[in-house]
Amino acid sequence: MINERIRFPRVRVVDSDGSQLGIMTSQEAMAIAREKELDLVLVSDKADPPVCKIIDYGKFRFEQEKKAREARKKQHTSDVKEVKMRYKIEEHDYNVCINRAERFIKAGDKVKATVTFRGREIQHSHLAEDLLKRMANDLQAIAEVQQPPKQEGRNMIMFLAPKR
């Protein structure tokens, strides 16, 4: 809230250079702000009495938005990356999948390991479950199983997440 919108009877006022001006009525604080051709901005309404600062409101908003942009830039969202394979996978291809999953996990992303079945292969779902458990075991140093192997239609899926 700024200027006339501040409805508190008494406020603690901080000057633009950071020095305390003391506790006064909001009308007195507004008069001081007008004198300096600046705005009276409510900084904290939780304090007793509420804290107001005499600053240029446009500049204040710009600084807040700048801080918010910087914070958004620094945060990393974890995506779900998928590693697909068949239960009849060769050893070298399996190692490639493990390395890819390891790279994803080290980057902070979750991994969805999927084993697909075609035709009558679905009868051998126990082999796919063994393969996914082997994968979880190979990656246990850097990842934890978020969802154990589970069959969904013609796929068996397992989720791995980076260890905290």
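Residues numbered from 1 in each chain as written. Predicted model: local features only at pLDDT ≥ 70, side-chain atom pairs only at ≥ 80, totals over all residues. Heavy atoms only, no water.

Draft legend 1. Fine view of the pairing of strand 3 (residues 39-44). Sheet topology note: the strand 3/strand 4 (residues 51-55) ladder contains five bridges and is antiparallel. Its bridge partner lying in strand 4, Ser-44 is registered against Val-51. Linking strand 3 back to strand 4 in an antiparallel pair, the connection comprises six residues. (Pairing = 2+ DSSP bridges. Helix = DSSP H or I, 4+ residues; strand = E, 2+ residues; numbered from the N terminus.)

Draft legend 2. The arrangement of the UniProt feature "domain: Translation initiation factor 3 C-terminal" (unreviewed entry) in the chain in detail. Cross-referencing UniProt, the feature "domain: Translation initiation factor 3 C-terminal" (unreviewed entry) maps to residues 79-163 in the present numbering. Structurally, residues 79-163 is divided into 35% helix and 38% strand, and its ends, taken at the C-alpha atoms, are 15 Å apart. (UniProt positions renumbered as here; feature names shortened; annotations may be inferred.)

Draft legend 3. Highlighting the domain arrangement of the chain. The domain architecture assigned to the chain consists of domain 1 (3-74) and domain 2 (80-162). For domain 1 and domain 2, the distance between their C-alpha centres works out to 55 Å. (Domains from an automatic or database assignment.)

Draft legend 4. Inspection of the pairing of strand 7 (residues 143-152) at higher detail. In terms of strand pairing, strand 7 meets strand 8 (residues 155-162) through seven bridges, oriented antiparallel. Residue pairing across strands places Lys-150 opposite Ile-157, the latter belonging to strand 8.

Draft legend 5. Examining the pattern of salt bridges more closely. Per the stated rule, a full pass over the model turns up ten salt bridges. For the salt bridge of Glu-91 with Arg-134, the shortest nitrogen-to-oxygen distance reads 2.9 Å. Here Glu-91, found in helix 3 (residues 91-106), pairs with Arg-134, found in helix 4 (residues 125-138); they are 43 residues apart in sequence, far enough to count as distant. A salt bridge links Glu-152 to Lys-150, with the shortest nitrogen-to-oxygen separation between them at 3.5 Å. (Salt bridge = Lys/Arg side-chain N within 4 Å of Asp/Glu carboxyl O.)

Draft legend 6. Region of the structure containing the layout of surface pockets. Within this model, the largest pocket holds a volume of roughly 170 Å³. Taken together, Lys-53, Ile-55, Asp-56, Lys-59, Phe-60, Glu-63, Gln-64 and Lys-67 make up the lining of the largest pocket. Put simply, the parts of the chain that give the lining of the largest pocket at least two residues each are strand 4 and helix 2 (57-74). The dominant element in the lining of the largest pocket, judged by the number of residues it contributes, is helix 2, at five residues. (1 Å grid on protein atoms, 1.4 Å probe; cavity = no way out; pocket = protein on both sides within 12 Å on 5 of 7 lines; lining within 4 Å. Points joined across faces, edges and corners; volume = space filled by probe spheres on them.)

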